Structure formats: structure tokens, C-alpha cells
Amino acid sequence: MARDLGGVLVPEDTSDLRLRRLRNVVEEVALASGVPVPEVYVLEDEQGINAFAAGWSPADAAIAVTRGALDRLNRDELQGVIAHEFSHVLNGDMRINIRLIGLLFGILFLAVMGRTFLYAGAFGGGRDRRDQGSNPLPLIGIALVVAGSVGVFAGRLIQASVSRQREYLADASAVQFTRQTSGLAGALKKIGGLETGSRLRTPKLDEVGHLMFGEARAHSLFATHPPLVKRIQALEPGFDPAELDALAQRWRAAPPSGMAEDAAMGLAPGAGAPDPR
């Protein structure tokens, strides 16, 4: 799934500072959660802040983060996001999510087959139009399209409701793994304050949106994640939503750099040095 979305594998011996930091964080959270170190991928073409975990079990899991998360999040924030994804690995959410993908694809396939039958009934078959009245394909096609459309609608509702509940649990588990709330809360604030947010550009949003750390669409009738402000307030009960507007105004002129923030806090080589990118 990571490769299908354009993910690039992060090698264990990488010398890139950002990728090295990512691997170190993944290994730390793996140790804290008692889960084997998964494969790590970066979605290079995605500038929004997002991440996901995929796999059938902890033994074959993979974690992917977007280039936006790698560039914009400082170490604590990246750790919070990775810990959130490890919760999905540990709690079996990955298996549920992949089954939801299969369920939705199966229902959608009914509608696709229905459209195929409609086309075949209207334009295929015998050349004599008098034979069209006895052709069952259009009726079968209509029935499949209706069944598929209704099924997809119901499936989206199930997908959204299941995912929203699991996201709250993953946020809580991330705090247990990292022993702090500021990192995860900071990542969510950057999603809310930056123009790119957590949006993805991939055309496969409908299939994979519920896997993501943050809402992959700007606006969606079937939101797969709880409201951003509620997630932040669960971590910081006194959080004022107006703070997101202030952050957005500040970052519009100068977007944050995670590596520069790490250097300023003494968490990266050359503390106080400018961001190398």
C-alpha cells in the first residue's frame, strides 16, 4: 500500500538527516510499544502532514509519513504522529482498515459491473433493435448500479464511524508511548494552522482516507476523523480554537521547519543553525 501511494523505502543505513531522524523515532516507539520495527516509507509527493500504518499483523507492518510531515514537524511532534500509528499496529486497527478497503471495493465493483451491463445492453448485442426489448442486460445493470450505490453510501458511513472512534483511542495510546501530550498536540496544531493541512493529492483518497493520521480531504460528507479541535482539546483541555487562526497567520508568511525547531531546542546537530533545506 505504501508503494502504491508513491512511498519510497527509508533504508536502515540512511545518512540523510531527516530520514535518520525518522528511523530513530520509529525505532524508539517500537521499543516503547513492544512492536517489531516496521518498514518505513516516505510519500515524497505529499506536502500535507499525514501518516498511516498498514499490514495484517505487527510482524509485517509498514509505516509511511508524508514529505510534509518530515519537513514541518519537529522531533517531538513526529514522535507523537509515529506513536499514534503504532497504536493502530498494536490494537489491530490495520486489519480492520484493510478489510474496510476490501468491503468498499467489493461493493463498488457491483456498481462498475452494473454500468458495464448497461453499456453492453444499450450498444452491444444483436444489430436488430427489435431484439433489444428482450435483452435482460439493461435491467440487470440498473439493479447492480442501484445496489452498488446504496452499498457504497452505507459502507462510507460505516467506514467513517469506525475510523473516528479508533482515532481517539490511537491518540490516547500515543500519549502512553511517548509520555507527553505536547508532541501530538503540536502536530495537530500544525495541521490546523498550515494551508496544506493534512490533505493528500493521491486519487485514491476514497480507498485510503480512513487509514490516515489526519483527514485526507479538505471537506468531506463522510469525515473519517474526529474534528481537529476536539482532538487537540482531548490532549490540552484549555486549548482555545482561536489559536489556530493566529498560527495560520504567522505560518502564512514563514512556514515552520521541523529541523530548525529541533536545532533551536538543541535536539539536532548544529543547534541554532539554519535549516539545511
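Above this text you will find the structure in question.
Residues numbered from 1 in each chain as written. Predicted model: local features only at pLDDT ≥ 70, side-chain atom pairs only at ≥ 80, totals over all residues. Heavy atoms only, no water.

Asks: Could you give an account of the pairing of strand 2 (residues 39-43), naming the residues involved and the relevant values?
Replies: Within strand 2, four of the five residues are buried, leaving the element largely enclosed by the surrounding structure. Inspection of the sheet shows strand 1 (residues 7-9) paired to strand 2 by three bridges, in the antiparallel sense. Residue pairing for strand 2: G7 is matched across the bridge by L43. In this structure, strand 2 lies alongside strand 4 (residues 62-66), joined through five bridges in parallel fashion. (Buried < 20%, exposed > 50% of the residue type's maximum accessible area, 1.4 Å probe, protein only. Helix = DSSP H or I, 4+ residues; strand = E, 2+ residues; numbered from the N terminus. Pairing = 2+ DSSP bridges.)

Asks: Quick rundown of unusual backbone geometry? Include the residues and the values.
Replies: Even without being glycine, R179 reaches a positive phi, approximately 65°. On the secondary structure map, R179 appears in the loop between helix 5 (137-178) and helix 6 (182-193).

Asks: Quick rundown of the sheet that holds strand 3 (residues 51-54)? Include the residues and the values.
Replies: The strand order across the open sheet built from four strands is 1-2-4-3, with neighbouring strands paired in mixed fashion. In this open sheet, the two edge strands, each paired with only one partner strand, are strand 1 and strand 3. Sheet twist, expressed as the average angle between the axes of neighbouring strands with direction ignored, equals 25°. Relative to the sheet, helix 1 (residues 17-33) contacts strand 2 and strand 4, its axis offset from that of strand 2 by approximately 140°. (Axes fitted to C-alpha atoms, helices over the stretch in contact; angles between N-to-C directions. Contact = heavy atoms within 4.5 Å.)

Asks: Describe in detail helix 9 (residues 242-253), supporting the description with residues and values.
Replies: Three or more residues of helix 9 are buried, namely L244, L247, A248 and W251. Buried residues along helix 9 cover an arc of 105° about the axis, so they all sit on one side. Looking at helix 9, the residues exposed on the side facing more than 90 degrees away from the buried face are D245, Q249, R250 and A253. Where helix 9 is buried, its residues touch helix 6 and helix 8 (228-235). (Arc of directions from axis to C-beta.)

Asks: Any details on a nonpolar patch on the surface? Residues and values, ideally.
Replies: A cluster of nonpolar side chains, namely L139, I142 and V146, defines an oily patch on the protein surface of about 300 Å² accessible area. Its place among the elements puts V146 in helix 5. With a relative accessible area of 47%, V146 lands in the partly exposed category. (Patch = residues over 30% accessible without salt bridge, like charges linked within 9 Å, V, L, I, M, F, W, Y side chains within 5 Å. Areas by Shrake-Rupley, 256 points an atom, 1.4 Å probe, with all protein chains shown as cover. Salt bridge = Lys/Arg side-chain N within 4 Å of Asp/Glu carboxyl O.)

Asks: Residue-level account of the side chain of E167, with values.
Replies: Considering the arrangement of structural elements, one finds E167 in helix 5. Side-chain polar atoms of E167 contact the side chain of H84, separated by 2.8 Å. Those residues in contact with E167 that lie beyond four places of it in its chain are H84, H88, H210, M212, F213, T224, H225, P226 and R231. (Polar contact = N/O pair within 3.5 Å; in protein donor to acceptor, adjacent residues only side chain to side chain.)

Asks: Would you mind going over the pairing of strand 3 in detail, with residue names and values included?
Replies: Burial of the side chains of strand 3 extends over both faces: A51 and A53 are buried on one face and F52 and A54 on the other. Here strand 3 runs beside strand 4; their pairing, made up of four bridges, is antiparallel. What sits directly across from A54, in strand 4, is A62.

Asks: Tell me about the pattern of salt bridges, and please be specific about residues and values.
Replies: Applying the stated criterion across every chain, the model contains 13 salt bridges. With a shortest N-O distance of 3.0 Å, E44 and R67 are connected by a salt bridge. Here the residue E44 occupies a position in the loop between strand 2 and strand 3, and R67 occupies one in helix 2 (residues 67-72), the gap between them amounting to 23 residues. Given the relative accessible area of 30%, E44 is considered partly exposed. Two residues, E236 and K189, come together in a salt bridge whose shortest N-O distance is 2.9 Å. Separated by 47 residues along the polypeptide, E236 in the loop between helix 8 and helix 9 and K189 in helix 6 bring together distant segments of the chain. The class for E236 is partly exposed, based on a relative accessible area of 22%.

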